[in-house]
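Residue-level structure breakdown
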Amino acid sequence: MEPLAGAEVWKARLDRPVRDGWRDWLSAAERERAAGLADAGERRRYVVAHAALRSVLGGLCGVPPADVRITAEKSGRPCLEDHDGVDFNLSHSGEWALVAVAPPGTRVGVDVERIRADLDHVELARRMYQPEEAERVRERGLAEYFRLWTAKEAYVKATGAGLAGLRGCLVTDTVTGCWVTDMGEGSATVSSRSPDQEAWPVRFLDVAPGYAAALVTTAWTPAPRTG
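Residues numbered from 1 in each chain as written. Predicted model: local features only at pLDDT ≥ 70, side-chain atom pairs only at ≥ 80, totals over all residues. Heavy atoms only, no water.

Topic: the overall build of the chain
Heads up, the condition is: Here a helix means four or more residues in a row that DSSP labels H or I, a strand means two or more in a row labelled E, and each is numbered from the N terminus. Contact definition: two residues touch when any of their heavy atoms are within 4.5 Å. The method behind every accessible area is Shrake-Rupley, applied with a 1.4 Å probe, and residues are considered shielded solely by the protein chains displayed.
Of regular secondary structure, the chain possesses six helices and 10 strands. Of the contacts formed within the chain by residues at least 6 apart in sequence, a portion of 53% connects residues at least 24 apart. Here the chain has roughly 11500 Å² of accessible surface; of this, 50% comes from carbon and sulfur atoms.

Brief notes about the packing of helix H2 (residues 28–35) against helix H3 (residues 40–61)
As a reminder of what qualifies: Working convention: axes come from line fits to C-alpha atoms, limited for helices to the stretch in contact. Angles between N-to-C directions cover 0 to 180 degrees. Here the word oblique covers every angle except those under 35 degrees (roughly parallel), over 145 (roughly antiparallel) and from 65 to 115 (roughly perpendicular). Note on residue categories: nonpolar means Ala, Val, Leu, Ile, Met, Phe, Trp, Tyr, Cys or Pro, charged means Asp, Glu, Lys or Arg, and polar means any other residue, Gly included.
Viewed as axis vectors pointing N to C, H2 and H3 meet at an angle of 155°, and their least axial separation amounts to 8 Å. Looking at the two axes, H2 sits roughly antiparallel to H3. Along the contact surface, H2 presents Glu30, Arg33, Ala34 and Ala35, while H3 presents Arg43, Tyr46, Val47, His50 and Arg54. Looking at the contact of H2 with H3 residue by residue, the classes come out as four nonpolar, one polar and four charged.

Quick look at the pattern of salt bridges
Stated precisely, the cut-off is as follows: A side-chain nitrogen of Lys or Arg and a carboxyl oxygen of Asp or Glu constitute a salt bridge if their distance falls within 4 Å. In this scheme, a residue with accessible area under 20% of its type's maximum is buried, one over 50% is exposed, and one in between is partly exposed, where area comes from a 1.4 Å probe on protein chains only.
Summed over all chains, the structure comprises 14 salt bridges. For the salt bridge of Arg136 with Glu139, the shortest nitrogen-to-oxygen distance reads 3.6 Å. In this pair, Arg136 and Glu139 are both assigned in helix H5 (residues 131–140), three residues apart and thus about one turn of the helix distant. By relative accessible area, Arg136 is classed as buried at 14%. What emerges from the salt-bridge pattern is a single network uniting Asp15, Glu42, Arg44 and Arg45.

Some details on the nonpolar core
Convention followed: Take the buried Ala, Val, Leu, Ile, Met, Phe, Trp, Tyr and Cys residues and link them wherever side-chain atoms come within 4.5 Å; each set so joined is a nonpolar core.
Residues Tyr129, Tyr145, Tyr155, Val190, Val202 and Val216 are the most contacted members of the largest nonpolar core, which totals 25 residues. Take this core: its biggest share by element is eight residues, from helix H6 (residues 142–159). When sequence neighbours within four positions are dropped, the list of residues in contact with Tyr129 reads Leu124, Ala134, Val137, Tyr145, Leu148, Trp149 and Lys152. In terms of nonpolar packing, the next biggest core, distinct from the first, is built from 22 residues, Leu14, Ala34, Ala52 and Leu57 among them.

Description of H5
Put simply, the rule reads: The arc under discussion is defined with respect to the helix axis, by the directions toward the C-beta atoms.
Of the positions making up H5, those classed as buried are Glu133, Ala134, Arg136 and Val137. The arc that holds every buried residue of H5, seen down its axis, measures 160°, which confines them to one face. When the buried face of H5 is taken as reference, the exposed residues oriented beyond 90 degrees from it are Pro131, Arg138 and Glu139. Among the residues trailing H5, Gly141 stands out with phi positive, at a value near 100°.

Focus on H6
Stated precisely, the cut-off is as follows: Expected span, for any helix, means 1.5 Å times one less than how many residues it has.
For H6, spanning 18 residues, the distance from its first C-alpha to its last is 26 Å, which sits close to the expected 26 Å at 1.5 Å a residue. Counted residue by residue, H6 has 15 buried out of 18 residues, so it is predominantly covered. Backbone geometry just after H6 places Gly160 at a positive phi near 85°.

Right under this line is the structure:
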């Protein structure tokens, strides 16, 4: 997939056998998380997704996947322990995972979602989205709900706002000022409704039929080290 503002995205199919050694690449916490999943298929998908993440990061950082060290910021957002400035994000749903990486000075968020027909998307949009977005979902249907969701999810993952920030962000068309109407790259921006927050571009990604996905990058200045 093509980069956006310096970010790159890798796509991995999760429904494949787990190769020897992949589990060993994961941290103890990740192996425990995988073991706690009740469904064998979901356990396999989790291991493959996180092995893919370490494969990408190891290749970019010039270290074996098993030597990639992932820690967390104070907000809980994952980050690399030994490579200051390089940012990454992982998302997986159904049989697909996306790994996004951005250079120093940039934050990246990515989200992929399997489109589920069993949701009451109109009611969920009414409860979770801005009124203008909920109206667009009512008019355009299920796919619009998931397109907006992936843009919002990618944004809060990039900014570190977490799920609590989903209700307060807004996705808008960059050309006409109307709400998102297509899957074209660069066709939308997403931002907090706070007046002092800058809007950031959204790229909608074509992952596979039945899936929605989005990539968001934001500028970022890391806090200075002390001590």
